Amino acid sequence: MSSPTLPPSESFKFSMLLSDTRYRGLSLQVITFIIFMAVFFWLVDNTIKNLALLDKDVSFNFLWLRAGYDINQRLIPYTSDSTHGMAALVGILNTLLVAFVGCIIATVLGLFVGILRLSKNWIVAKLMSAYIEGFRNVPILLWIVMVFALLTEFTPAPRAFKGAEPEATMLFFESVAITNRGTYFPAPVLAEGAYWLLLCFGLSIVAVIYFIRYANKQKKDTGKSLPTFWISVAVIIFPTLILFFAMGQPVSLEYPYLKGFNFKDGIHLRNSFLALTLALAFYTSAFIAEIVRAGIMAVSKGQSEAAASLGLRPNKIMSLIILPQALRIIVPPLISNYLNLTKNSSLAIAVGYMDVRGTLGGITLNQTGRELESMLLLMGFYLAVSLLISSFINYFNRSFQIVVR
Amino acid sequence: MKKLFLGVLTALALAASGTFAGTLDDVKARGNLLCGVSTGAPGFATVDDSGKDVGFDVDYCRALAAAIFGDPMAVKFVGLTSAVRFTALAAGEVDILARNTTWTYSRDTDLKQTFLGVNYYDGQGFMVKKELGVKSTTELDGATVCIQVGTTTELNLADYFKENGMSYEPVPTADNAESQQQYLAGACDTYTTDASALHGTRVNLENPDDHLVLPEIISKEPLGPLVRHGDDNWADIGRWVLNALVIAEEKGITKANIDSWKDTKDAEIHRLLGTGDDDILAMVGLPKNAMYNAIKAGGNYGEIFENNLGATSGINIERGVNASWTKGGILYSPPFR
Amino acid sequence: MMTKIAFVRKKEIPPSAPPITEVGLIGWLRQNLFSSWLNSILTVLSVYFIVVILWDFIPWAYGGHWNTKSLRECLDLDPDVACFSVLTARWKQLLFGLYPAEEYWRPTLTFMFLLLAIVPILFPRFFRFFWFSIIYPGLAVWLLWGGSFWSISIVYIGLTLGALFFLSLIRRYLKNYMVAAILAFLFTVVFFLFISNPLVGLLNVILPISLPFVESLKMGGFTLSLIVGVTGIVASFPIGILLALGRQSNLPVIKMICVGFIEFIRGVPLITLLFVASVLLNYFLPPGTNFDIVLRVVIMVTLFSAAYMAEVIRGGLAGLPLGQHEASASLGLTYWQSQRLIIMPQALKISIPGIVNTFIGLFKDTTLVSIISLRDPVGLASTIRADQKWNGIYWELYVAIGLMFFIFCWGMSQYSQYLERKLKTDK
């Protein structure tokens, strides 16, 4: 990179800007910058001219106008009288919800499938590779559409639950109804005193966390391992349970029931949500499974052999030796798959799920004709999410990488 | 490289020469009409097994192309989803948008478009399964409603249920076929869209008699072709081709008998078919026999309707209000003079 | 006292056959399916799962109708089986879109030539046929869109003349590459601005070779997916290399622009970029500009995959030991020489599986163009479903489309794994 400095007596020539390594870097950058800015201003200038030609302006005022359309799934209060901005917010929350739930399911499934694919059981291994290849090699859009169709066509309509001898019945003691409009779960209803219960539950969890820390320390110091799992379960369940009965059952379940056209009450997971989440989760889990497999295979065989020679059992080898090491390799691509899942959730429109692309980038854009503004906001949102996630990857890489040499 | 790229773009820009003022000149220079239609709306626009564009909107565009060029095939159809249709028109990707689009105030003014008239009077209706026992839309409180996103039907639906103090659960779908799929599977109790489409769909269901289109029409949906603001001559051409098709039906001029009107006493027919002395079509820059060609292309309004939406098409939509005013409908063209 | 030895074995016991549970079919079953109770449960569950799926699927698919005229006829015959007639009626559209039927040989030939054009790139043995890979893009454009042969080949003629001009300048008169390059560039520009059009006209008169013109609106089906996918990946390759180098550059402005571009593109979903292509690009270009939607989509897809390609190649670059850079620098190679001769060949070799994966991803993502109303297989599916004859069809179409994508993508991924293995051994 460094070149011997030339004698200063040499006079400056214009051509040296390009041929002399001392100046070339700088002049290249200046040229690039000028071209970049020129293109940028050319685009902006064109946009301004085009907007003037169409008699349009750039204004985000439409966000405060009445939206006029309804959204079926809303995590915050929203009616057709709410503003377009509110609709966008509802959409953003819906996107985040799908992404969040999808990532969790995808991780669990991916881990499961990835490990099972390495199974010695021939049929299981083959089935898992079929799962992985099947989901990885067909476009996600098709999967979303097909999962949605599966959910609507092979589940009963709410009407099937009607009558003296219904064609379909609710599951789990009349508490869960799977219909082709979605799945209805009982919803908890908090009566007076329920907050004490929540507090108690929270305290139990804190207690468990401290207990696990203590147990780990104990294990490191003395080598004795406590039955952490069962104690934790007991700590989490019993105090809350006792308090629940002591206070006269302040939390009750509200069961869904059939009224009119639909089931009423309970928690309603719409089919559009289920289909999108499941399709995204299945699709992403296939990629995660491959990452998990690669991560596990990357841990050298000597590690598991050494662990086996120490007398550890296979499940202990997996959880104590292999997974902790594999995790370092697995996590960064895993998170970038989370990012892909979030971005793929923008295909929600295919099943009519109202995510931010459907509200802000779909109906609002359509009704107001504000393409430029809507798309800018939309891209800004996705960009923010993605930058957040990639900064997390960088943080992980920095803090968890094995220090070599 | 970048310079070359810009050069290419500039060259393309010059080649496209999309000044919006003289659309007719642009169309003539290009040698064909660019017509924006639906990517798939039963009866209005689709592609048949042999790959040919067919439909009600398609035939209107063919008539327009015939009027300009004398050749109904001198038109290219650009399939547009409801999401991109207006921007495609505004950007000049199409010369005219005939995509069963509802004429509304805000589309006319805020989106800077000119509607040329109404080629189909529609209204939003609901279809339900008979076994549901619903006889009127007022009984739909709490129902799940399948609805196509990005259309006016969505807004009408919200307004209608609010006005009547009812609640509903919207199930948005990407297109009409999807709505139908959901409705049949029972994922929604009722399925709402323009009544024409409902009738069309019902006839082709496995058991049409199990389904009912509710009598209420909750909105006016005048569908029509539209062009960009700012080129009145082009708008006039589109408007009068449409009117010519309607007049032709009024007068009984059909594709088959169009050549047999030379001796008629009716001066308007002579003006329309260009068989008289005065050439009034020169005012908009069309040949004298432009309307003759337009009618010859796919027949008059009634024939186009019959072939694409009526009994011949298998969709079996009644003429209803879309009949000529002489037959009890509201199709009424201003005089061609 | 000596005890009497009762028995002494004189002969070795012949090895007994392994237990029946350890060899043959039973042994295989035991080892691979029922080695533990957990495995046995898994096996039973798996078999049950497979049986349940096939139980419904096989009768549905096997008894399917292939030759009816409409969905209604299918339903009248037997509503419980598949109605594949839609595929019989529309398979050509699914493959070629609305391409004129009498010209189907053109996309077919283009695709076959594509396979030929890839060979010299993948197999060094056939490198002498590399010229075909170079002329292929032009040939493909001409075959697919048609028009005059000369208006496409003039691009090649112009570029060749420019290159010859550059070489002769270097050989004869000039030692300064930069100046020679600028002169050659000007020469090429002059050629395209003033000479090419009359020349094309002349050639058209002398030797008119042309194919009927087919506009982009007619492109569809898998042909469109391939056009978008293959062009995207090929065009993104050089851009991706430049971006990857730019990202590693020590010139801050260049690095910033590259990082910004890559992170922006990777941060937003492809569908928003496609929306930009279909809806917003007209705002960004000079008023009245209006060019082909397929070209616009290809440009956007190229930019999109370039960002991913850059990351893949950056991974390859990072995989190289630093010593390679240092060694080439110590040999006195310039930056571009060392990149061309030392760094890139190795980095690209490492990146091949990643590149293939990017391609598979891109090919699958081409289905998104259906959302901006292009007629790729998925877009065509909704058009077909709007036809009165096939209104209501569902699984047959989507399963068929999914299967075609699967075969293509799976084949590609198998090939990439094969490459990966092959590249590993020669280390």
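A quick note: this is a predicted structure, and the numbers were derived from the prediction, not measured. (Residues numbered from 1 in each chain as written. Chains lettered and ligands numbered in written order. Predicted model: local features only at pLDDT ≥ 70, side-chain atom pairs only at ≥ 80, totals over all residues.)

(A) Broad picture of the overall build of chain B. Summing up its helical and strand segments, chain B has 12 helices and 12 strands in all. Relative to the globule expectation of 20 Å for 337 residues, the C-alpha radius of gyration of chain B, 21 Å, shows essentially globular dimensions. When the backbone C-alpha atoms are referred to their principal axes, chain B occupies close to 65 × 60 × 40 Å. Pairs at least 24 apart in sequence give 72% of the contacts found in chain B among residues at least 6 apart. (Helix = DSSP H or I, 4+ residues; strand = E, 2+ residues; numbered from the N terminus. Rg over C-alpha atoms; globule rule 2.2 N^0.38 Å. Contact = placed C-beta atoms within 7 Å.)

(B) Looking closely at the packing of helix α4 (residues 85–96) of chain C against helix α15 (residues 377–386) of chain C. Residues and elements named next belong to chain C. Put simply, α4 and α15 touch, their axes get as near as 11 Å, and they point 135 degrees apart. One way to sum up the angle between α4 and α15 is to call them oblique. Judged by the sense of rotation from one axis to the other, the crossing of α4 with α15 is right-handed. Every residue of α15 that contacts α4 at V86, R90, Q93 and L94 is listed here: P377, L380 and I384. (Axes fitted to C-alpha atoms, helices over the stretch in contact; angles between N-to-C directions. Parallel < 35°, antiparallel > 145°, perpendicular 65-115°, else oblique. Left-handed = near helix turned anticlockwise from the far one by under 90°.)

(C) A look at the sheet that holds strand β2 (residues 182–185) of chain A. All names here are of chain A. Taken together, the 3 strands give an open sheet; going across it, the order is β1-β2-β7, and neighbouring strands pair in antiparallel fashion. Looking at strand neighbours, the two that pair on one side only are β1 (177–179) and β7 (267–270), the edges of this open sheet. Taken pair by pair, the neighbouring strands of this sheet meet at an average axis angle of 15 degrees, ignoring direction. Pairing between β1 and β2: 3 bridges, direction antiparallel. Residue pairing across strands places I178 opposite T183, the latter belonging to β2. Along the sheet, helix α8 (residues 271–298) makes contact with β2 and β7, crossing β7 at roughly 60 degrees. (Pairing = 2+ DSSP bridges.)

(D) Structural context of the interface of chain C and chain A. Each partner contributes residues to the interface: chain C has 43 residues there, and chain A has 42 residues. Of all the elements in the fold, those that place two or more residues in the side of chain C that touches chain A are α2 (37–62), α10 (252–267), α11 (270–284) and α16 (395–425) of chain C. With 9 residues, the top contributor of residues to the side of chain C that touches chain A is α11 of chain C.

(E) Summary view of the interface of chain B and chain C. Counting from both sides, the interface comprises 36 residues of chain B and, opposite them, 30 residues of chain C. Elements with a contribution of two residues or more to the side of chain B that touches chain C: α1 (2–16), β2 (46–47), β4 (75–80) and α7 (176–185) of chain B. Looking at side-chain class alone, the side of chain B that touches chain C contains 13 nonpolar, 17 polar and 6 charged residues. (Nonpolar A, V, L, I, M, F, W, Y, C, P; charged D, E, K, R; others polar.)

(F) A look at the domain arrangement of chain A. Under the domain assignment, chain A is made up of domain 1 (16–53) and domain 2 (107–186 + 255–284 + 293–351). Put simply, the middle of domain 1 of chain A and the middle of domain 2 of chain A, counted by C-alpha atoms, are 49 Å apart. (Domains from an automatic or database assignment.)

(G) Broad picture of unusual backbone geometry. Not every positive phi belongs to a glycine, and S373 of chain C is a case in point at roughly 65 degrees. With respect to the helices, strands and loops of the structure, S373 of chain C is situated in the loop between α14 (335–365) and α15.

(H) Quick peek at the domain arrangement of chain B. All names here are of chain B. We note that the domain assignment places domain 1 (17–120 + 222–327) and domain 2 (123–220) within chain B. Taking only C-alpha atoms into account, the centre of domain 1 sits 30 Å from that of domain 2. When the residues that make up the side of domain 1 that touches domain 2 are grouped by side-chain class, the tally is 8 nonpolar, 6 polar and no charged.

(I) Representation of the nonpolar core within the structure. Formed by 253 residues in total, the largest nonpolar core has its most connected members in I144 of chain A, A294 of chain B together with L274 of chain C. If sequence neighbours within four positions are ignored, I144 of chain A has contacts with A275, L276, A279, L347, A350 and V351 of chain A. (Core = buried A, V, L, I, M, F, W, Y, C linked by C-beta atoms within 7 Å. Buried ≥ 20, exposed ≤ 12 C-beta atoms within 10 Å, placed from the backbone.)

(J) A look at helix α11 (residues 356–368) of chain A. All names here are of chain A. Look at α11: only 16 Å from first C-alpha to last across 13 residues, short of the 18 Å you get at 1.5 Å a residue. Most of α11 is tucked away, with 12 of its 13 residues classed as buried. Looking one or two residues beyond α11, the residue adopting positive phi is G369, at roughly 70 degrees. (Expected span 1.5 Å × (residues − 1).)

(K) Representation of the confidence of the model for chain B in the model. Residues and elements named next belong to chain B. This prediction gives chain B a mean pLDDT of 84; 93% of its residues lie at or above 70. Overall, residues 1–20 carries pLDDT values under 50, and its contacts beyond four positions in sequence, including any with other chains, amount to 22 contacts. Across the interfaces of the predicted complex, the ipTM metric reaches 0.83, alongside a pTM of 0.84. (pLDDT = per-residue confidence, 0-100.)

(L) The pairing of strand β1 (residues 33–38) of chain B, seen in detail. Residue and element names in this part refer to chain B. When you tally the buried positions in β1, you get 6 out of 6 residues, the bulk of the element. With 6 bridges connecting them, β1 and β4 associate as parallel partners. Within β4, the residue paired with L34 across the bridge is K76. Relative to strand β5 (residues 96–102), β1 runs parallel, the two sharing 2 bridges. Note that in β5 the partner of G36 across the bridge is L97.

(M) Broad picture of helix α6 (residues 130–145) of chain C. All names here are of chain C. Compared with an ideal rise of 1.5 Å per residue, which puts 16 residues at 22 Å, α6 spans 24 Å between its outermost C-alpha atoms and is within 8% of the ideal. At Y136, α6 shows its maximal kink, close to 40 degrees; a proline, P137, follows between one and four residues later. Inspection of α6 places L139, A140, W142, L143 and L144 among the buried residues, and these make up the whole buried set. Where the residues of α6 are buried, they touch α5 (105–122), α7 (149–173) and α9 (221–248). (Bend = angle between axes of the 7 residues up to and from the residue.)

(N) Highlighting the confidence of the model for chain A. For chain A, the average pLDDT comes to 82, and 91% of its residues sit at 70 or higher. Confidence scores differ between elements of chain A, with helix α1 (residues 16–19) of chain A showing the lowest mean pLDDT of 65 and helix α3 (residues 84–117) of chain A the highest of 92.

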